[in-house]
Amino acid sequence: MNFEDFELIYNQKRCQIEDKEDIKKKLGNIVSAGNVSDKEIDLLAYTNDSSLITLNWMIEGKIAGKPDFIVWPENVDQVSRILKLANKEKIPIIPFAEGSGVVGGSIPIYGGIILDLKKFNRVVEINDKNLTVTVEAGINGMNLERILNSKGFTGGHVPQSIYTSSVGGWIAHRAAGQFSTKYGKIEDIVLGMEVVLPQGEIIHFKTIARASTGPQLDKLFIGGEGTLGIVTKATLKIWPFPQKRALISYAFPKIEDSLEACRLILREMVFPAVIRIYDVAETNRHFEQEGKAKDKVMTIFVCEGKSDLVDLEEKITRKTCEEHSGIDCGVKPVEHWFETRFNVKETSMFPPYKIVADTIEIAIMWEKAAEVYHAVLEATSKIMGNLLISAHVSHFYSNGVGYYFTFGGVPPKGTSEFEFYQQCWNTTVKTVLDIGGSFGHHHGVGISRSHWMEREWGTVGLDKMKKIKNILDPNNILNPGKIYLNTWKIKEGEQ
Ligand SMILES: Cc1cc2nc3c(=O)[nH]c(=O)nc-3n(C[C@H](O)[C@H](O)[C@H](O)COP(=O)(O)OP(=O)(O)OC[C@H]3O[C@@H](n4cnc5c(N)ncnc54)[C@H](O)[C@@H]3O)c2cc1C
């Protein structure tokens, strides 16, 4: 196997490392020789993340980006020293946790050093009184949840990728889990952090329930996607494991009926841990065994916590659904959801058949919640070659919702699969922005959506954010090319 056999997709101006052996030796001096690699087989393992298009490419012998080295540091001091070295030598550093990101965030588009955080995998402390857990940021999500469960707690953060993602990755991409309506998203859960800044300084954000001590600098790193700092430790909220779970499902005639019922449930300040609305296409696909739901909109709820409170939440949820033409489908659809909720074979089955597919999650306020659904379906179904577009509503707030669209198709003659893929993405993003939504609910920006950031944040917002990046990272070594489209500086002074 040789890299020359592969076509490199993100073939940007690569960083030039004049003396690779010297850099390898210096990295080895920091982390020990066994924790640095430039073997082709290792480099190949870090050429992509979990964006589905990279799977299409891989099957065709194409790779997304090629790193020069992989390092596996074991403590914060080593991370700091690696960043200092990278600054001196002007080499990009790409933080990498479990690679489950789906927007190209950890793809080494300019080459450089992949800094893998998998050895940051320890639980430092579980504090029963404060209801917190302190962990090293590379810890695997499911390992953490299992440890918490064994001690009578839950972390409340259960992304579909929990088996293949880390706390640091959640923080970097502002992740949201399936139980987030009750427990919150990662930004609600993080209470303290240790972060290594691009020039190697270490910053400790103390663990505190809340503070009114000026602007909160720590918030910059939640969603920073490894461009502003590397999170090495975090303290998160935890909760006592729920005493009771109520499983509820209703099928509604139209998505509008279901959205309205959910909006009113939240307006009553009832926050089921899980709410999910599946449009007709996804209901027929995922709940075919439930006859009452055929050609309807399946909606599932999980209320959990103290028994008395759960009973009351269940009562209000049922009453509201029934007032909005909901047909009770019992516990079976929710049990089915529990059994299949980590199953992602559907979309990953497409690439071997040369079908280009992906999922896009967006956010919208309640006022436009139904409109955005119909608009995205209408706009994307006009794309030549698109065979499938469907959605479920996966995240809920008193003020709005997060949608999850799935598309799949075959590029028409004369259109490359990447062009087709970008057309589907861009059509969805533009439609959502035109209606006033946000193009990213919980997957982050990465490469896939960086060219839309000026519309998302506005010209002034993006400009100021770039300046902040430049202050923290004047050599632009930390995950260049992500979020703000800042290109790698080939020569001193080049932007
Ligand atoms: C099948 C599937 C289901 C998914 N379901 C969900 C879901 O339900 N909810 C959800 O929110 N997301 C979901 N995702 C997306 C993905 O799992 C999340 O974005 C996750 O947070 C990425 O974590 P990771 O540890 O794999 O990070 P990686 O993919 O390794 O990295 C992601 C980004 O974070 C940076 N990074 C990683 N670690 C650090 C660190 N310690 N400090 C600074 N930067 C860092 C990387 O440079 C990169 O930019 C899903 C993905 C897949 C493939």
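Residues numbered from 1 in each chain as written. Predicted model: local features only at pLDDT ≥ 70, side-chain atom pairs only at ≥ 80, totals over all residues. Heavy atoms only, no water.

## Quick notes on helix α15 (residues 417-435)
An α-helical turn contains 3.6 residues, so a residue and the one three or four places further along point in the same direction.
So, point 1. Compared with the 27 Å implied by 1.5 Å per residue over 19 residues, the 27 Å span of α15 between its first and last C-alpha is a close match.
So, point 2. With its phi angle positive at about 105°, Gly436 sits one or two positions after the end of α15. (Helix = DSSP H or I, 4+ residues; strand = E, 2+ residues; numbered from the N terminus. Expected span 1.5 Å × (residues − 1).)

## Quick word on the site of the ligand
So, point 1. Taken together, 34 residues lie near the ligand, and Pro95, Ser100, Ser161, Ser166 and Ala176 sit nearest.
So, point 2. For the ligand, a nitrogen atom lies 3.4 Å from a polar atom in the backbone of Gly226.
So, point 3. Separating an oxygen atom of the ligand from a side-chain N or O atom of Asn479 is a distance of 3.3 Å.
So, point 4. Within the complex, the protein chains bury 94% of what would otherwise be the 980 Å² of accessible surface of the ligand.
So, point 5. Mapped onto the shell around the ligand, the elements with two or more residues apiece are β5 (93-96), α6 (167-173) and β12 (230-237). (Near = heavy atom within 4 Å. Polar contact = N/O pair within 3.5 Å; in protein donor to acceptor, adjacent residues only side chain to side chain. Areas by Shrake-Rupley, 256 points an atom, 1.4 Å probe, with all protein chains shown as cover.)

## Side note on the packing of helix α9 (residues 255-267) against helix α14 (residues 369-381)
So, point 1. Two elements in contact, α9 and α14, have axes whose closest approach is 10 Å; the angle formed by their N-to-C orientations is 145°. α14 is crossed by α9, and the crossing has right-handed handedness. Note on element contacts: α14 touches α9 through Ala369, Ala370, Tyr373 and His374, opposite Ile255, Glu256 and Leu259. (Axes fitted to C-alpha atoms, helices over the stretch in contact; angles between N-to-C directions. Left-handed = near helix turned anticlockwise from the far one by under 90°. Contact = heavy atoms within 4.5 Å.)

## Digging into the packing of aromatic side chains
So, point 1. Tallied over the full model, the rule gives 18 aromatic pairs.
So, point 2. Ring geometry for Tyr10 versus Phe418: centroids 6.4 Å apart, planes at 90°, classification edge-to-face. Remark: Phe418 occurs in helix α15 and Tyr10 occurs in the loop between β1 (7-8) and α1 (20-31); sequence separation between them is 408 residues.
So, point 3. What makes Tyr10 buried here is its relative accessible area of 14%.
So, point 4. Between the aromatic rings of Tyr373 and Tyr403, the centroid separation amounts to 6.1 Å while the plane-to-plane angle is 15°, which identifies the pairing as stacked. In this pair, Tyr373 is assigned in helix α14 and Tyr403 in strand β20 (residues 400-409), connecting sequence segments 30 residues apart. (Phe/Tyr/Trp six-rings, centres within 6.5 Å; stacked < 30°, edge-to-face > 60°. Buried < 20%, exposed > 50% of the residue type's maximum accessible area, 1.4 Å probe, protein only.)

## Considering the environment of Trp337
So, point 1. Considering the arrangement of structural elements, one finds Trp337 in helix α12 (residues 332-340).
So, point 2. In sequence terms Trp337 and Ile300 are 37 residues apart; their C-alpha atoms lie 8.5 Å from each other.
So, point 3. Look past the residues within four positions of Trp337 in its chain and what remains in contact with it is Gln178, Phe179, Val274, Arg276, Tyr278 and Ile300.

## Thoughts on the domain arrangement of the chain
So, point 1. Partitioning the chain into structural domains gives domain 1 (3-116), domain 2 (123-240), domain 3 (244-340), domain 4 (345-448) and domain 5 (449-485).
So, point 2. Between domain 1 and domain 2, the C-alpha centre-to-centre distance is 25 Å.
So, point 3. When the area that domain 1 buries against domain 2 is broken down by residue, the three leading residues are Val76, Leu83 and Glu98, summing to 37%.
So, point 4. Linking domain 1 with domain 2 are zero salt bridges.
So, point 5. Taken together, the connections running from domain 1 to domain 2 amount to four residue pairs in polar contact (both at pLDDT 80 or more). (Domains from an automatic or database assignment. Buried area = accessible area lost by both parts, 1.4 Å probe. Salt bridge = Lys/Arg side-chain N within 4 Å of Asp/Glu carboxyl O.)

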